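The primary structure of each chain is shown beneath.
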Amino acid sequence: MASSFGPTASWSNLELRATLLRRAREFFFERGFLEVETPLLSADVVIDRHLDPIEVILPEDPRQPTAGRRMWLQTSPEFAMKRLLAAGGKAIYQVTRAFRAAEIGPLHNPEFTMLEWYRVGDAMHEGMELLADLAESLLQRGPTERISYAEAFQRRLNIDPHTAPIDELRGAAAADHISAPAGLDDDRDGWLDLLLVEAIQPDLGRGRPAILYDYPATQAALARVRGAEVWRRESGVGSYAVAERFELYVDGIELANGYHELLDPAVLRIRNREGNSARARDGKRPLPEESLLLAAMDAGLPASSGVALGFDRLVMIAAGAKSIAEVLAFPVDRA
C-alpha cells in the first residue's frame, strides 16, 4: 500500500504514461505538426453550460491578495490555439494541463492532462481520420468504427434523436428503467444526454474504438452546423441540421471531442449568450462573453478541424485501470 506522501500510480503505470506521451509526440512530429505552448491562466474562457473554470485573482499587490484582475485557469487551450491559427499556424498540437471545477471521480480530476491539436484545411472527415489513426497508434485496438449519433440512438433505442419529441425521449428512458434527475422537465438536450450516457455510451467502443459523429445542432459547442440541404451521409438523407462534432469512445469511456471548427464570430457571440443563459438557469455565474478568440475570428480564422483528448483516460484504458488515480502520480486528494 502506498504511503500517504507517495503516488497513487504504480511505477509501471507511470512508465506506460511516459511511453504513450513520447509516442503521441512522435505521431504528430511525423505528420508535420508543431508543438506549441499557450497560457494556463487567461482572461478568456470557454463558455459552456457544463464546464466550470476555476477563477483566479491576480493581485497587483501581494498584501491585498483578493484584489486584482480576474482570470481563469483554462478548461482547454482551445481559444489560444485558434488565435495561433489566425496568426498563421497550419498544424499545431499541445500537451498541457487543464482545469475544471467540481470534477472528481474515477474518470475526473480537477487538474488533468489534455492533448489538443488543430490542422488547417481539415474538414470533419479528415479530423475523424486523424483521430482514428492516433487511437490505433496509441491503443492498438484495431480499426475505429464510425457511427452517426442518429444511428446509435436508432440501434439501441429505436428512436430518431433529431426529431423525437420530448415525450418519446421520456418514454424511452422509462422503458429502459433510467431514472431522470429532478428538473429535467422540457430540457430536450438534457434528455438526449441522459439517454446517451445511460443507454448508449456503455456499449460504445467495445471490441474496437468508436467515433460518434453528427451531433444535434443544439449541441454544437464550437463546431459548425451543417444544414439539412447539404446533409447526405451513408446513414441517409436528413431533413434537419447537424453539428459537425465527433467524439471518440473506448470501452464505454469518452476520450476525445472534436469539431469541424466554427468560423463565424457572429454565431459564436450568439452561442456565448445562449451558454450564459443556460448557466443562469442552472444557478451558475455568467462567464466573459468577449474574448481575444472573437477578435481573431473577426480578423479571419482559417478552416480547420480540431480535437481535445483526455490523456489521463487514454493511459487508464491502456493500463487496464479502473480509475485515473491509478495513472496519476498525485490526484487532487494527494496534491
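Novice: Before we move on, could you go through the overall build of the protein chain and cite the residues and values that matter?
Specialist: Secondary structure summary: the protein chain contains 9 helices and 14 strands in total. In terms of overall size, the protein chain behaves like a compact globule, its C-alpha atoms giving a radius of gyration of 20 Å where 335 residues would be expected to give roughly 20 Å. Expressed as lengths along the three principal axes of its C-alpha atoms, the size of the protein chain is roughly 55 × 45 × 45 Å. Counting only residues that meet the buried cut, the protein chain has 50% of its 335 residues in that class. For the protein chain, contacts bridging at least 24 residues in sequence account for 70% of all contacts bridging at least 6. Carbon together with sulfur atoms contributes 53% to the accessible area of the protein chain, which is approximately 15700 Å² in total. Here the protein chain carries 38 positive and 50 negative side-chain charges, and the mean point of each set is 2 Å from the other.

Novice: So, the side chain of Gln74: which residues are in play, and what are the values?
Specialist: One can find Gln74 in the loop between strand S4 (68-73) and helix H2 (78-86). At 3.1 Å, the side chain of Gln74 forms a polar contact with the backbone oxygen of Trp72. The contact partners of Gln74, leaving out residues within four places of it in the chain, are Pro39, Leu40, Ser42, Asp44, Val45, Ala98 and Phe99.

Novice: Give a description of the pairing of strand S13 (residues 253-260) that names residues and reports values.
Specialist: With 7 of 8 residues buried, S13 is to be regarded as a mostly interior element. The sheet contact formed by strand S12 (residues 242-250) and S13 spans 6 bridges and is antiparallel. Across the sheet, the residue bridging to Glu247 is Asn257, located in S13. In this structure, the hairpin formed by S12 and S13 is closed by a connection of 2 residues, where Asp251 is found at a positive phi of approximately 55°.

Novice: Residue-level account of the environment of Ala303, with values.
Specialist: For Ala303, the location among the structural elements is in the loop between helix H8 (292-299) and strand S14 (304-310). Along the backbone, Ala303 and Leu263 are 40 residues apart, and their C-alpha atoms lie at a distance of 6.9 Å. When residues no more than four places from it in sequence are discounted, the contact partners of Ala303 are Arg119, Val120, Gly121, Arg224 and Leu263.

Novice: I'd like a rundown of the packing of aromatic side chains, residues and numbers included.
Specialist: Inspection of every chain in the model, using the stated rule, returns 6 aromatic pairs. The interplanar angle of 15° and the centroid separation of 4.9 Å between the aromatic rings of Phe28 and Tyr93 together place this pair among those described as stacked. Taken together, the positions of Phe28 in helix H1 (residues 11-30) and Tyr93 in strand S5 (residues 91-99) put the pair 65 residues apart, joining distant regions of the chain. Taken together, Phe27, Phe28, Phe33, Tyr93 and Trp117 form an aromatic cluster joined through their ring pairs. Above the ring of Phe27, the side-chain terminus of Arg31 is found at 3.6 Å from the ring centroid. Positioned over the ring face of Tyr215 is Arg245, at 4.5 Å from the centre of the ring.

Novice: So what's going on with the side chain of Gln201? Residues and values would help.
Specialist: You can see Gln201 is positioned in the loop between helix H6 (188-200) and strand S8 (210-216). Of the residues examined, Gln201 reaches a relative accessible area of 15% and is grouped as buried. Looking at Gln201, its side chain comes within polar contact range of the main-chain oxygen of Gly252, at 3.2 Å. When neighbours within four sequence positions are excluded, Gln201 is seen to be in contact with Leu196, Tyr249, Gly252, Ile253 and Glu254.

Novice: I'd love a proper account of the packing of helix H4 (residues 149-157) against H6, names of residues and values included.
Specialist: The contact between H4 and H6 brings their axes to 11 Å, and the two run at 60°. With respect to each other, H4 and H6 are oriented oblique. Like other packed secondary-structure pairs, H4 and H6 cross with a definite hand, here left-handed. Contact residues: H4 offers Tyr149, Ala152, Phe153, Arg156 and Leu157, while H6 offers Leu192, Leu195, Leu196, Ala199 and Ile200. The residue makeup of the contact of H4 with H6, split by class, is 9 nonpolar, no polar and 1 charged.

Novice: Could you give an account of unusual backbone geometry, with specific residues and numbers?
Specialist: In this structure, Ala102 takes a positive phi of about 60° despite not being glycine. Secondary-structure assignment places Ala102 in the loop between S5 and strand S6 (111-120). The exposure class assigned to Ala102 is exposed, which follows from its relative accessible area of 78%. A positive phi angle, near 45°, is found at Asp185, a position not held by glycine.

Rules of the game
Residues numbered from 1 in each chain as written. Predicted model: local features only at pLDDT ≥ 70, side-chain atom pairs only at ≥ 80, totals over all residues. Heavy atoms only, no water. Helix = DSSP H or I, 4+ residues; strand = E, 2+ residues; numbered from the N terminus. Rg over C-alpha atoms; globule rule 2.2 N^0.38 Å. Buried < 20%, exposed > 50% of the residue type's maximum accessible area, 1.4 Å probe, protein only. Contact = heavy atoms within 4.5 Å. Areas by Shrake-Rupley, 256 points an atom, 1.4 Å probe, with all protein chains shown as cover. Lys, Arg positive; Asp, Glu negative; His and termini not counted. Charge placed at Lys NZ, Arg CZ, Asp CG, Glu CD. Polar contact = N/O pair within 3.5 Å; in protein donor to acceptor, adjacent residues only side chain to side chain. Pairing = 2+ DSSP bridges. Phe/Tyr/Trp six-rings, centres within 6.5 Å; stacked < 30°, edge-to-face > 60°. Lys NZ or Arg CZ within 6 Å of the ring centre and 35° of its normal. Axes fitted to C-alpha atoms, helices over the stretch in contact; angles between N-to-C directions. Parallel < 35°, antiparallel > 145°, perpendicular 65-115°, else oblique. Left-handed = near helix turned anticlockwise from the far one by under 90°. Nonpolar A, V, L, I, M, F, W, Y, C, P; charged D, E, K, R; others polar.

Note that all results are geometric; they support no functional claim without further evidence.
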